[in-house]
Amino acid sequence: MKNNFSFCAAALLFVSVQLVAVSAQAQPGSLDGQLRWQSFSAAAYNPLGLVELVQVSYRKPLYLSQNPLFATNYAEAAVVGAATPAYGFVGLQAELQPLSILRLRARAEAIGFFGNFGHVARFNDVNADYSDTALDAIKEAGENSATTGTRWTLTALLQAAVGQVAVRSHLQGTYVNLDLGDGETLYYSPQFDYLIEDGGLFFQNDLDVVWLFESGLVAGARMNSSWAVYSSEIADEDPNGPAHRVGPLVAWPFFEGSGRVKRATAIGLANWYVKHRWRAGEDTPAWLPYIAVGVQIEGDL
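The shown structure was predicted, so the numbers you read here are calculated from the model rather than taken from an experiment.

What counts, and at which threshold
Position numbers for residues count from 1 along each chain, tracking the sequence in the order it is written. Residue-level local features of this predicted model are given only where pLDDT is at least 70; pairs of side-chain atoms are given and counted only at 80 or more, and the full residue set underlies all totals for whole chains, interfaces and linings. To obtain the side-chain values, all non-hydrogen atoms of the structure were used and water was disregarded. The rule for pairing is simple: two strands pair if DSSP sees at least two bridges between them. Secondary structure elements are defined from DSSP: runs of H or I of at least 4 residues count as helices, runs of E of at least 2 residues count as strands, and each element is numbered from the N terminus. Surface patches are defined over residues having more than 30% relative accessible area and no salt bridge, joining like charges when they lie within 9 Å and nonpolar side chains (Val, Leu, Ile, Met, Phe, Trp, Tyr) when within 5 Å. Accessible surface area values rest on a Shrake-Rupley calculation with a 1.4 Å probe, where residue burial reflects the displayed protein chains alone. Note on definitions: salt bridges are taken to be side-chain nitrogens of Lys or Arg within 4 Å of carboxyl oxygens of Asp or Glu. The rule is simple: take the accessible area with a 1.4 Å probe, protein chains only, and divide by the maximum for that residue type; under 20% is buried, over 50% is exposed, in between is partly exposed. When the centres of two rings from Phe, Tyr and Trp lie within 6.5 Å, Trp using its six-membered ring, the rings pair. Their planes under 30 degrees apart give stacked, over 60 give edge-to-face, and anything left gives tilted. Only lysine NZ and arginine CZ atoms are considered, and such an atom sits over a ring when it is within 6 Å of the ring centre and within 35 degrees of the ring normal. To obtain an axis, a line is fitted to C-alpha atoms, over the contacting stretch when the element is a helix, and the angle between two such axes runs from 0 to 180 degrees between their N-to-C directions.

## Remarks on the pairing of strand β1 (residues 34-45)
Item 1. As paired elements, β1 and strand β2 (residues 49-60) share 11 bridges and run antiparallel to each other. Across the sheet, the residue bridging to Ala43 is Leu50, located in β2.
Item 2. By the bridge criterion, 10 bridges tie β1 to strand β15 (residues 290-300) in an arrangement that is antiparallel. Along β15, the bridge assignment pairs Ser41 with Val295.

## Remarks on a nonpolar patch on the surface
Item 1. Taken together, the side chains of Val165, Val167, Leu207, Val209, Trp211, Phe213, Met223, Val246 and Val274 define a hydrophobic patch exposed on the protein surface, amounting to about 720 Å² of accessible area.
Item 2. Those elements that provide at least two residues to the nonpolar patch are β8 (165-178) and β11 (201-212).
Item 3. Among the elements that take part in the nonpolar patch, β11 stands out by supplying three residues, more than any other.
Item 4. Exposure remark for Phe213: the relative accessible area of 39% places this residue in the partly exposed category.

## Regarding the packing of aromatic side chains
Item 1. This model, assessed by the stated rule, comprises seven aromatic pairs.
Item 2. On the numbers, 6.1 Å between centres and 85° between planes, the contact of Tyr130 with Trp278 is edge-to-face. A residue pair is termed long-range when its members are at least 10 positions apart, and Tyr130 in the loop between β6 (122-123) and α3 (132-141) and Trp278 in the loop between β14 (261-275) and β15 qualify at 148 residues.
Item 3. Take Tyr130: its relative accessible area is 2%, and that puts it in the buried class.
Item 4. By relative accessible area, which is 14% here, Trp278 ends up buried.
Item 5. Counting every residue linked through ring pairs, the aromatic cluster contains Tyr130, Tyr188 and Trp278.
Item 6. The positively charged end of Arg59 is found above the aromatic ring belonging to Tyr74, 3.7 Å away from the centroid.

## What to know about the sheet that holds strand β5 (residues 102-113)
Item 1. Spatial ordering of the closed barrel is given by β1-β2-β3-β4-β5-β7-β8-β11-β12-β13-β14-β15, a layout of 12 strands whose pairing is antiparallel. If you compare each strand with its neighbour and ignore which way they point, the axes differ by 20° on average.
Item 2. As judged from the 11 bridges shared by strand β4 (residues 87-99) and β5, these two strands associate in the antiparallel manner. Paired with Glu95 across the strands is Arg105, a residue of β5.

## A look at the sheet that holds strand β10 (residues 194-197)
Item 1. Within the open sheet, the three strands sit side by side as β6-β9-β10. Their pairing is antiparallel. Looking at which strands have only one partner, the edges of the open sheet turn out to be β6 and β10.

Have a look at this one:
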């Protein structure tokens with residue numbers, strides 16, 4: 001079986017698998033701001049992925065409250081950057097958590113693809129074959145090339161815990177504008193494992209149901225859903241989705257400290273493709289899951 005180096009969904013772990021936030025967020029003891037740092041390293045398989053993401057942020061609580069609904073609140077501004085073997089980006093991010101159950105985020109990035117590992121693969125037909133086999137053929141033929149562009153992302157996170165059971169829904173909307181050639185209206189996104197219209201919208205939602213152990217371990221299940229919104233000139237309907245995958249996940253905060261490093265968390269998941277144009281048996285065996293592992297380290301500056 002061939003595997004194209006997509007370097008995709010490992011990056012999504014950073015924005016959607018921080019499950020320890022449900023149980024480990026500290027209630028602010030004062031309204032003083034904090035300068036924080038965060039590093040996230042992850043690898044994925046089916047498709048293959050590898051990423052290092054770094055974030056430096058300034059976070060300030062909005063108000064003080066002992067009510068669980070209001071206790072975790074803040075406003076945050078951050079500089080973010082990431083590198084993979086296939087692409088990299090740098091950007092600015094603003095985050096607002098007015099309530100313990102609600103988090104809103106906006107991010108603007110400049111992104112560049114290096115032109116290796118078959119990226120960026122470009123298409124002019126929404127029904128085009130973007131399976132691993134087809135992407136490998138594009139790479140071998142040298143039909144891909146480097147490019148740059150911008151990416152804009154809005155996210156909304158709803159989360160709640162009752163006793164030791166927590167539920168999270170994380171919705172992300174993305175707009176990407178790349179410098180493609182004449183007549184090239186679509187491209188394969190290595191981050192989202194999907195055929196996306198240049199200048200179009202793409203959405204993804206992660207629904208998690210987990211158990212919060214007293215030790216800090218978090219374990220449960222995730223359902224991931226992805227879909228694109230194509231313009232009427234491209235297609236009336238999305239022939240590529242929506243795509244769904246589901247399976248177990250775990251997050252283990254294996255280190256807690258009081259120095260510059262406050263916490264280190266190991267994260268892993270295995271999701272089987274319930275519906276995907278190419279990964280549910282058409283090109284990749286249906287029994288083969290998407291697997292991702294990562295380590296997130298965070299602290300204060």
